[in-house]
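One-letter residues, chain by chain:
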Amino acid sequence: MFKSWLSKNPYQLIATAAFVDLFILCIAWEWFISPLRPGGSWLILKAIPLLFAIPGLWKGNVYTMQWASMLILLYITEGLVRILETGANFWMAALETTLGTVAFVCLLIYLKPIKARAKAAKKELAAAERQA
């Protein structure tokens, strides 16, 4: 099992870990740390989209990483909005913003060389078609 971890890109691992941590944070925050209503609220459902991204991130699926990089912006935005609250909500929002930013940056760093290779291949194909 440890060998499979070593074979993965470190940015992929960090992004996956950030998504898992963000999922746990969202559940804990809205269920028992500081819910909007006593006993929890329906806002706990905001964690569900993260579950759809985690397996694809772990596998290194480029398409999943692309849409996950857009999804994570919603969590960063929520964290930035709720960071103005006081008490536990401030710390939860700061952690949500930090985890979201780490995941976003790691996804971009991981995807950059893949996109560059795809762009170069497309350019090469277009040049070959013009010569033919």
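As shown above, the structure is provided for reference.
So, how was this worked out
Residues numbered from 1 in each chain as written. Predicted model: local features only at pLDDT ≥ 70, side-chain atom pairs only at ≥ 80, totals over all residues. Heavy atoms only, no water. Helix = DSSP H or I, 4+ residues; strand = E, 2+ residues; numbered from the N terminus. Buried < 20%, exposed > 50% of the residue type's maximum accessible area, 1.4 Å probe, protein only. Polar contact = N/O pair within 3.5 Å; in protein donor to acceptor, adjacent residues only side chain to side chain. Contact = heavy atoms within 4.5 Å. Core = buried A, V, L, I, M, F, W, Y, C linked by side-chain atoms within 4.5 Å. Salt bridge = Lys/Arg side-chain N within 4 Å of Asp/Glu carboxyl O.

> Any chance you could break down the side chain of Ser 69 for me, citing the residues and the numbers?
With respect to the element layout, Ser 69 can be found in helix 4 (residues 62-82). By relative accessible area, Ser 69 is classed as buried at 5%. A distance of 2.6 Å separates a polar side-chain atom of Ser 69 from the backbone oxygen of Gln 66. Every residue in contact with Ser 69, bar those within four places of it in the chain, is listed here: Phe 104 and Leu 107.

> Could you give me a rundown of the nonpolar core, with the residues and numbers involved?
Within the largest apolar cluster, 27 residues are counted, with the highest numbers of intra-cluster contacts made by Phe 19, Leu 22, Leu 50, Leu 57, Ile 72, Tyr 75 and Leu 107. Looking at this core, the elements with two or more residues in it are helix 2 (10-33), helix 3 (48-59), helix 4 and helix 5 (88-131). Broken down by element, the residue count for this core peaks at nine residues, all from helix 5. The contacts of Leu 57, once residues within four sequence positions are left out, are Gln 12, Ala 15, Thr 16, Phe 19, Thr 64, Met 65, Ala 68 and Leu 107.

> Hey, could you go over the environment of Ala 127 for me, with residue numbers and the actual values?
Locating Ala 127 in the fold gives a position in helix 5. Given a relative accessible area of 30%, Ala 127 falls into the partly exposed group. Once the C-alpha coordinates of Ala 127 and Leu 45 are considered, the two residues, 82 residues apart in sequence, prove to be 49 Å apart.

> Please give an account of the pattern of salt bridges that cites residues and values.
The full count for this structure, using the stated rule, is five salt bridges. A salt bridge links Lys 46 to Glu 78; the shortest N-O distance between them is 2.7 Å. Within this pair, whereas Lys 46 is found in the loop between helix 2 and helix 3, its partner Glu 78 is found in helix 4, the two being separated by 32 residues in sequence. Arg 82 is the salt-bridge partner of Glu 85, the closest N and O atoms lying 3.4 Å from each other. Through salt bridges with shared partners, a single network forms among Glu 30, Lys 46, Glu 78, Arg 82 and Glu 85.

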